[in-house]
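Residues per chain are reported as follows:
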Amino acid sequence: MITTDLRDDLDTITREITALTGRVEIGYFYSPEDQHNTWSRLDNLRPRAQHLADQIAAEDREIQRLADAISATGDLCLGFIGYVIFGPAVLPAPTLYRVQVIERQGGWVVPSSVRRGVTAEQIIETQREILTGVMAYGGHASVWGRAIRDYRIQITAY
């Protein structure tokens, strides 16, 4: 589930990019340092905006996949109720999974350990890949001084 509204974040970044681009076009700078900082901020914001746009597109695809599967059941209301009560197994679409690593101690999701759109055949390979990244040198476990027993894998169907 998305905890922040990505579209609002993208709109804010887009407005800031537009303002900075206007400053660059008219050359409105207080000093050479201000010019350098403006260009630097602009160069940092553009990839963030693209990343947010990609995240929004991925979320929209997932919502559309579920909406298509619910509407394929024949009755939109009953399809949604069935999905809420019985889960994705009642939908005429293949079930996808979200695999993530969670700290046992605090219950926090380990950053960059969430994989979405995983099929049932890919779950074991994905678990191994995620845990290898978490336990690698420079990974979450080495930074925080943790062992493999301090983590658990959570698999959620959707």
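Residues numbered from 1 in each chain as written. Predicted model: local features only at pLDDT ≥ 70, side-chain atom pairs only at ≥ 80, totals over all residues. Heavy atoms only, no water.

Draft legend 1. The arrangement of the sheet that holds strand E2 (residues 115–118) in detail. As summarised here, the arrangement of the three strands in space is E2-E1-E3, forming an open sheet in which the pairing is antiparallel. Pairing within the sheet leaves two strands with one partner each, and these edge strands are E2 and strand E3 (151–157). Neighbour to neighbour, the strand axes of the sheet diverge by 25° on average, direction disregarded. Relative to E2, strand E1 (residues 97–103) runs antiparallel, the two sharing two bridges. What sits directly across from Val99, in E2, is Arg115. (Pairing = 2+ DSSP bridges. Helix = DSSP H or I, 4+ residues; strand = E, 2+ residues; numbered from the N terminus. Axes fitted to C-alpha atoms, helices over the stretch in contact; angles between N-to-C directions.)

Draft legend 2. Examining a negative patch on the surface more closely. Together, Asp5, Asp8, Asp9 and Asp11 make up a negatively charged patch on the protein surface. Mapped onto the elements of the fold, Asp8 is located in helix H1 (residues 6–26). Overall, Asp8 belongs to the partly exposed group, its relative accessible area being 45%. (Patch = residues over 30% accessible without salt bridge, like charges linked within 9 Å, V, L, I, M, F, W, Y side chains within 5 Å. Areas by Shrake-Rupley, 256 points an atom, 1.4 Å probe, with all protein chains shown as cover. Salt bridge = Lys/Arg side-chain N within 4 Å of Asp/Glu carboxyl O. Lys, Arg positive; Asp, Glu negative; His and termini not counted. Charge placed at Lys NZ, Arg CZ, Asp CG, Glu CD. Buried < 20%, exposed > 50% of the residue type's maximum accessible area, 1.4 Å probe, protein only.)

Draft legend 3. Layout of the pattern of salt bridges. Taken as a whole and judged by the stated rule, the model has seven salt bridges. The residue Asp60 makes a salt bridge to Arg7 at a minimum N-O spacing of 2.7 Å. Of this pair, Asp60 sits in helix H2 (residues 32–71) while Arg7 sits in helix H1; the two residues are 53 residues apart in sequence, bridging distant segments of the chain. Since its relative accessible area comes to 33%, Asp60 is described here as partly exposed.

Draft legend 4. Region of interest: the pairing of E1. Judged by how many residues are buried, E1 sits mostly within the fold: six of seven residues are covered. When E1 meets E3, the two strands line up antiparallel, connected through seven bridges. For Tyr97, the partnering residue across the bridge sits in E3 and is Ala157.

Draft legend 5. Molecular detail of a nonpolar patch on the surface. A surface patch of nonpolar side chains, about 730 Å² in accessible area, is lined by Leu78, Phe80, Ile81, Val84, Ile85, Phe86 and Val90. Along the chain, the position of Val90 falls in the loop between helix H3 (76–86) and E1. Residue Val90 is classed as partly exposed on the basis of its relative accessible area, which comes to 39%.

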